[in-house]
Amino acid sequence: MTTKKTNVTLVTIAIFVATFLTAVEGTIVSTAMPTIVGDLHGVNLMNWIVSIYLLTNAVATPIYGKLADLFGRKRIFIIGIMIFIIGSVLSGTANSMPTLIGWRALQGIGAGCIMPVSNTIIADIYPFEKRARVMGFNGAAWGIAAIIAPLLGGFIVDKLTWHWVFFINVPIGLLTVLLIALYLHEKPHTAVGKIDYLGSLWLTLTLLSLMYGFQILGEANFAWTSVIVCFVITLVALYLFINREKRASDPIISLKLFKNRTFVTQNLATMLVSGFLIGFEVYLPTWTQGILGLPASLAGFAVTPSSVMWIFGSFLAGKFILKLTPKQTLMISLVFLLIGSAWLALLPQTTPFWLFFVIATMLGTGFGITITSTTVTSQRLVAAKDMGVATSFNTLARTLGQTLMMSIFGIIMNGTMNKGVAHSSDLNIGMMNKLINPQTASSLPAKLIPELRTILYQALHNIYLAGVILIILAILINSLDYRHSKTTN
């Protein structure tokens with residue numbers, strides 16, 4: 001009996017749609033957040049609508065990678081999307097904040113499958129020389145989502161109800177499932193080995209406690225006791241996880257991966273770069289709205305060139321990884337990022353809007369090369385049977401970098417603004433919140449706006465200085481790799 005041939009085009013479209021679905025989810029929910037909070041009366045729990053989704057997404061990612069290696073990409077991909085769809089439906093029917101947070105956790109568990117298994121499927125159906133280009137197109141879904149999501153979210157909230165922010169995932173998700181079910185064909189997958197349940201438990205506890213600890217750190221009035229408890233649990237759970245993986249016959253994440261210096265340096269570097277990436281994408285619109293006073297619809301376009309150039313960077317990555325070592329390819333991308341991040345950190349408060357397009361162009365090229373090349377390299381460094389685990393670990397590194405750095409950036413932002421406001425009896429944090437939103441900034445006394453903008457500028461300046469440090473650390477880590485790293489697969 002012959003195995004049916006995969007329809008590469010339709011499967012690629014399905015993967016792109018699935019990636020777009022998860023990419024659009026974060027922004028579209030943020031757009032609808034004020035309406036959701038107003039309806040469900042839970043402003044004190046507002047941050048958890050986003051945080052719990054990120055937490056469960058990160059925790060689920062490495063587990064899906066192992067399951068995809070054991071049971072096949074197709075089956076696990078469909079299961080993950082169906083969990084995401086069910087979580088979306090239940091989130092749309094929520095009638096209280098705690099209920100919505102619970103269903104968002106389920107939605108995040110489903111979403112944790114999509115990125116790592118998508119990239120693993122791409123590795124399965126495309127030869128190495130074409131892989132980077134396809135991953136670049138797939139990664140561009142995030143840029144397209146950044147443009148479409150605010151417009152779509154605003155339309156849904158204005159014309160329908162916030163519930164449809166979640167319900168809209170259902171038909172798109174089902175279309176993806178249908179395309180994958182009909183057109184992705186892989187050899188029959190018989191599980192070799194068994195699921196490492198105990199390792200999964202300790203890994204889950206490690207990630208949850210670590211990320212929750214950083215979430216607490218990002219809050220305005222946090223208790224050090226809670227933070228210390230979280231980090232102690234993280235250390236204990238990590239020790240138990242490593243001890244378990246050493247003895248497990250089929251570990252959830254093979255510790256052998258970390259004996260390869262190139263694999264370690266590539267993933268540490270992409271974690272740091274992803275931390276800078278989230279700061280660039282989240283806080284640049286804050287600059288263009290709060291300091292330049294531009295409307296939200298225009299301010300968001302400041303990061304658009306980075307999405308376009310991400311594709312170009314992926315094309316370059318495809319060229320580089322065929323001719324250069326992983327260390328050399330990564331160093332080229334980090335030079336782009338170092339110049340762009342330093343430029344961003346040194347900008348004066350009077351910077352014109354057009355200059356952000358130039359910086360975003362340079363950074364987008366660097367992001368495209370980095371994220372694409374580290375993903376492809378992580379896949380090539382392992383045997384085919386471990387490709388799902390390697391891909392999911394790369395995705396986990398990026399998610400961890402973004403989640404942890406968002407908390408640190410929040411601490412920098414809040415600390416700088418509180419310090420600035422404290423120097424004047426006429427100012428308060430409430431005014432800073434109004435300043436960031438162009439719709440409410442006009443209600444502030446005109447004489448106070450210049451001082452408020454200076455405080456906001458200093459906060460953003462400090463955030464981007466931290467971004468430069470991240471890129472420098474990535475360069476130092478990459479320099480620890482072997483001079484002539486060779487891939488093994």
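Analysis parameters
- Residues numbered from 1 in each chain as written.
- Predicted model: local features only at pLDDT ≥ 70, side-chain atom pairs only at ≥ 80, totals over all residues.
- Heavy atoms only, no water.
- Helix = DSSP H or I, 4+ residues; strand = E, 2+ residues; numbered from the N terminus.
- Buried < 20%, exposed > 50% of the residue type's maximum accessible area, 1.4 Å probe, protein only.
- Contact = heavy atoms within 4.5 Å.
- Axes fitted to C-alpha atoms, helices over the stretch in contact; angles between N-to-C directions.
- Parallel < 35°, antiparallel > 145°, perpendicular 65-115°, else oblique.
- Left-handed = near helix turned anticlockwise from the far one by under 90°.
- Nonpolar A, V, L, I, M, F, W, Y, C, P; charged D, E, K, R; others polar.
- Core = buried A, V, L, I, M, F, W, Y, C linked by side-chain atoms within 4.5 Å.
- Phe/Tyr/Trp six-rings, centres within 6.5 Å; stacked < 30°, edge-to-face > 60°.

Caption draft 1: Representation of the overall build of the protein chain. Helix and strand counts for the protein chain stand at 18 helices and 0 strands. Taking all 489 residues of the protein chain together, the buried fraction comes to 54%. Relative to all contacts within the protein chain whose residues are 6 or more apart in sequence, the contacts with residues 24 or more apart total 82%.

Caption draft 2: Summary view of the packing of helix H4 (residues 97–125) against helix H15 (residues 387–422). Running from N to C, H4 and H15 point in directions that differ by 135 degrees, and their axes come no closer than 8 Å. Judged by the inter-axis angle, H4 sits oblique to H15. The chirality of how H4 crosses H15 is right-handed. Judged by residue contacts, Met115, Pro116, Asn119, Thr120, Ala123 and Asp124 of H4 engage Met387, Gly388, Thr391, Ser392, Thr395 and Arg398 from H15. When its residues are assigned to classes, the contact of H4 with H15 shows 4 nonpolar, 6 polar and 2 charged.

Caption draft 3: Focus on the nonpolar core. Counting residues in each nonpolar core, the largest one holds 55 residues, and the members touching the most others are Phe367 and Tyr464. Grouped together as the second largest cluster of nonpolar side chains are 40 residues, Ile28, Ala105, Trp162 and Leu396 included.

Caption draft 4: Geometry of the packing of helix H14 (residues 353–380) against H15. Here H14 crosses H15 at 150 degrees, and the two axes come no closer than 8 Å. Classified by the angle their axes make, H14 and H15 are roughly antiparallel. In this structure, H14 meets H15 at a crossing whose hand is right-handed. Side by side, H14 and H15 meet where Ile371, Thr374, Thr375, Ser378 and Gln379 of the first sit next to Met387, Ala390, Thr391, Asn394 and Arg398 of the second.

Caption draft 5: Representation of the side chain of Thr375 in the model. Relative to the assigned elements, Thr375 resides in helix H14. The class for Thr375 is buried, based on a relative accessible area of 3%. With residues near it in sequence (within four places) discarded, Thr375 still touches Asn119, Met135, Asn394 and Arg398.

Caption draft 6: Geometry of the packing of aromatic side chains. Applying the stated criterion across every chain yields a total of 11 aromatic pairs. On the basis of an interplanar angle of 85 degrees and a centroid distance of 5.4 Å, the ring pair of Trp164 and Phe167 is categorised as edge-to-face. You can see Trp164 and its partner Phe167 sitting in helix H6 (residues 164–167), 3 residues apart, about one turn around the helix. Given the relative accessible area of 21%, Phe167 is considered partly exposed. An angle of 45 degrees between the planes, with centres 6.0 Å apart, marks the rings of Phe280 and Phe367 as tilted. Separated by 87 residues along the polypeptide, Phe280 in helix H10 (residues 261–290) and Phe367 in helix H14 bring together distant segments of the chain. Per residue, the accessibility class of Phe280 equals that of Phe367, and both read buried. Taken together, the ring pairs in this structure connect Phe276, Phe280, Trp310 and Phe367 into an aromatic cluster.

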